[in-house]
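Breakdown of the fold
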Amino acid sequence: MIDVRLLRTQPDLVRNALQRRAKPEVLEQLDHAIRLDVRLRDIVTERDAARARINDLSKEVGALRREKKDAETLMSESRALGDREKALDEEYAQVEAVLRDVLLRIPNMPHPEVTDGTNSDDNVVARGPLQMPETFADHQRVPHWETGHALGILDSERAVKISGAMFTMQRGLGATLARALCQYALDRNADAFEEIRPPSLVSSATLTATGQLPKFADDAYNIGRDDLWCIPTAEAPLTSLHAGEILDESNLPVRLMAFSPCFRREAGSAGRDTRGMLRSHEFDKVEILALTTPESAPAMLEEFIERVTSTIASLGMPYRLLEICTGDLGQSHHRSIDVEVYAPGCDQWLEVSSISWFSDYQARRGDIRFRRDGKKGTEFVHTLNASALAVPRVWAAILENFRNADGSVTVPKALHPYMRGATLIPVPTATAR
RNA sequence: GGAACGAUGGCAGAGCGGACGAAUGCACCUGUCUUGAAAACAGGAGUGGGUUUACGCCUACCGGGGGUUCGAAUCCCUCUCGUUCCGCCA
């Protein structure tokens, strides 16, 4: 949520920043919010004046009563004011609700350094592939779904039988590999992050704090009977962990990480990436997250980039960094860098992580504040997060990058400790099938 | 799912219709005293909103929402959460 005060005092600053997102309707929402805010303050001023008078009157009534004097004149004046106050209060609640809804739908202001652009075509490669092989061999040019099925470690058909389209299921060493990736990602960040095992079902308030609600309700699974939502990412419960709290500056930064399943309806992407593991309704991910002071957020962003890229690099696959342009930036995002891994089999750069800085946008929604040492008052924290590792796409990229000429897949060395001794996913023998 | 009880400031805990933003204790901050500390004494401390150049002033907040009243932490309704007992269960 953007700051109403900023919108009030420096509307042009906000307008210019949001203009860069290249979404005309946002500017209309902005003007709407400004009008509502003006109206709201008029109401508040009059309502508070009425309340002040009522408070004075009831004190006088109390005094008269003690002296056994008649107070009917004052009481009737107060009654009339009470009616007015009630009407104003109702109007306040109405206007406030609309204003809040409008504000919740206005996106965050992009960081000044974010490149201008209108859509994903304008994203810029911030760091090219550092280890792109000259060429890939033919045996690496096999899509992971073919390899996965041939090796008996991916069973899409039965996943569809059990749950429907866009669900996947790994088996045997494939399942072990998926879990190994999570285990590995957690261990790589355990030096600085507290591991959390959060709930996978959360309240509407929780999904509103991170920005999924109210605007993107169609993208998440809703359990209407209990008014709960399946988390689309551990970002949601982790960000809200300190919702409504005032933290001490000395406790910052708060660093959290979590393994969790992620549930996404993928409402707008029917028919896209239907094969294999590139897009599914449920997947596993390890998320890292930080709550920081505003001034230390840029350094944390750099640290996150370093952590994510070094993890990907340690698996030995070509990757690149993408600076997301203003037109492609998510609603809550102040700045985002995507990490993509190259998958030679399907010849695609796969987004395996998004490293994001939300400035105080989520903190304002979730009411996460901090108090500076020895100072009065509070400020909103900055939130940052990143996928330390998203399983399916990394899993897919491994099957393509490390496919051998005989059809087997070599397990990256970094994962060996988590594979129960397996260093290779072999081609099944005829009898084993 | 059923029943009973409960929810007050950082914590503990009073208040049960009128000067209550709220006693008291602990914790905290600032003075005085002390070489320093402790103790003692004095004082100060919450959050949001509106308004003001500013000091400040007004307003709201005793789990959430609604009601009664001139006036609600206090009375009534309702929801949520917690504790205990029963039921069910990994």
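Residues numbered from 1 in each chain as written. Chains lettered and ligands numbered in written order. Predicted model: local features only at pLDDT ≥ 70, side-chain atom pairs only at ≥ 80, totals over all residues. Heavy atoms only, no water.

**Quick notes on the overall build of chain A**
For clarity, the threshold we go by: We count a stretch as a helix when DSSP gives it H or I for four or more residues in a row; a strand needs E for two or more, and each element gets its number in order from the N terminus. Note on classification: 1.4 Å probe, protein chains only; a residue is buried when its accessible area is under 20% of the maximum for its type, exposed when over 50%, partly exposed between these limits. In this description, contact between two residues means that some pair of their heavy atoms is separated by no more than 4.5 Å. For accessible areas, the Shrake-Rupley method is used with a probe of radius 1.4 Å. Any residue's cover is judged against the shown protein chains and nothing else. The convention is simple: Lys and Arg are positive, Asp and Glu are negative, and His and the chain ends are not counted. All charge positions are set by atom: Lys at NZ, Arg at CZ, Asp at CG, Glu at CD.
The number of helices and strands found in chain A is 12 helices and 16 strands. Each principal axis of the C-alpha distribution contributes one length, and for chain A these read about 105 × 45 × 45 Å. In chain A, which comprises 433 residues, the proportion classed as buried is 49%. When contacts within chain A are restricted to residue pairs at least 6 apart in sequence, long-range pairs at least 24 apart make up 74% of them. Of the accessible surface of chain A, which amounts to about 20300 Å², a share of 50% is contributed by carbon and sulfur atoms. Charge separation in chain A, taken as the distance between the mean sites of 54 positive and 64 negative side-chain charges, equals 3 Å.

**Focus on the domain arrangement of chain A**
Operational definition: An automatic or database domain assignment supplies the start and end points of every domain. Buried area, as used here, totals the accessible surface that two parts lose on assembly, with accessibility defined by a 1.4 Å probe and the loss added over both. Under this definition, polar contacts are N or O atom pairs within 3.5 Å; protein pairs additionally need one hydrogen-donor-capable and one acceptor-capable atom, and for neighbouring residues in sequence, both atoms have to be side-chain atoms. The classification used treats Ala, Val, Leu, Ile, Met, Phe, Trp, Tyr, Cys and Pro as nonpolar, Asp, Glu, Lys and Arg as charged, and all other residues, Gly among them, as polar.
Considered domain by domain, chain A is made up of domain 1 (4-105) and domain 2 (120-425). Computed from C-alpha atoms alone, the centre-to-centre distance between domain 1 and domain 2 is 42 Å. Between domain 1 and domain 2, the residue contacts involve 7 residues of the former and 11 residues of the latter. In total, about 830 Å² of surface goes out of reach between domain 1 and domain 2, with carbon and sulfur atoms giving 43% of it. On the domain 1 side of the contact with domain 2, Arg-21, Leu-104 and Arg-105 bury the most area, a combined 69% of that side's loss. Put simply, domain 1 and domain 2 have 8 residue pairs in polar contact (both at pLDDT 80 or more) between them. Of the residues belonging to the side of domain 1 that touches domain 2, the class tally is 1 nonpolar, no polar and 6 charged.

**A word on the side chain of Ser-240**
Its location among the elements puts Ser-240 in the loop between helix H9 (235-239) and strand E6 (246-248). Contact partners of Ser-240, with chain neighbours within four places excluded, come to Thr-206 and Ala-209.

**Description of the side chain of Asn-401**
With respect to the helices and strands, Asn-401 occurs in helix H12 (residues 391-401). Once you skip the residues sitting within four places of it in the chain, Asn-401 turns out to touch Phe-136, Gln-140, Met-317, Pro-318, Tyr-342, Ala-343 and Pro-344.

**Description of the pairing of strand E10 (residues 335-343)**
The condition that has to hold: Strand pairing requires that DSSP identify at least two bridges connecting the strands.
Summarising burial for E10: 9 of the 9 residues are buried, a large majority. Taking every second residue as pointing to the same face, both faces of E10 are buried, with Arg-335, Ile-337, Val-339, Val-341 and Ala-343 on one and Ser-336, Asp-338, Glu-340 and Tyr-342 on the other. Taken together, the 9 bridges between E10 and strand E11 (residues 348-357) define a ladder with antiparallel strand orientation. Within the sheet, the bridge partner assigned to Tyr-342 lies in E11 and is Trp-349.

**Quick word on the nonpolar core**
Here is the rule we go by: What we call a nonpolar core is a set of buried Ala, Val, Leu, Ile, Met, Phe, Trp, Tyr and Cys residues that are connected through their side-chain atoms within 4.5 Å.
Of all hydrophobic cores here, the largest spans 58 residues; its most connected members are Leu-181, Phe-304, Val-394, Trp-395 and Ile-398. Of all elements in the fold, only helix H7 (172-189), strand E8 (282-292), helix H10 (297-314), strand E9 (319-323), E10, E11, strand E14 (382-390) and H12 reach the threshold of two or more residues within this core. Of the residues forming this core, the biggest block, 8 residues, is contributed by H7. Those residues within four positions of Val-394 in sequence are excluded, and the remaining contacts are Leu-181, Ile-312, Leu-315, Met-317, Val-352 and Leu-389. The next biggest cluster of nonpolar side chains, apart from the first, holds 22 residues, and it includes Ile-2, Leu-18, Val-102 and Ile-106.

**Some details on H7**
The line we're drawing: Multiplying 1.5 Å by the residue count of a helix minus one yields the expected span of that helix.
Taking 1.5 Å of rise per residue, 18 residues should cover 26 Å, and H7 covers 27 Å from first to last C-alpha, within 8% of that figure. The set of residues buried in H7 consists of Gly-174, Thr-176, Leu-177, Ala-178, Ala-180, Leu-181, Cys-182, Tyr-184, Ala-185, Leu-186 and Asn-189.

**What about the pattern of salt bridges?**
For the record, the criterion: By salt bridge we mean one thing: a side-chain nitrogen of Lys or Arg within 4 Å of a carboxyl oxygen of Asp or Glu.
Under the counting rule described, the total for this entry stands at 33 salt bridges. When the shortest N-O distance is used, the salt bridge between Asp-3 and Arg-364 registers 3.6 Å. Linking Asp-3 in the segment before helix H1 (4-9) with Arg-364 in helix H11 (residues 361-366), this pair joins segments that are 361 residues apart in sequence. Across the pair Glu-287 and Lys-285 runs a salt bridge whose closest N-O atoms are separated by 2.6 Å. With respect to burial, Glu-287 and Lys-285 carry one shared label: buried. By sharing partners, the salt bridges in this structure join Arg-47, Asp-48, Arg-51, Glu-85 and Asp-89 into a single network.

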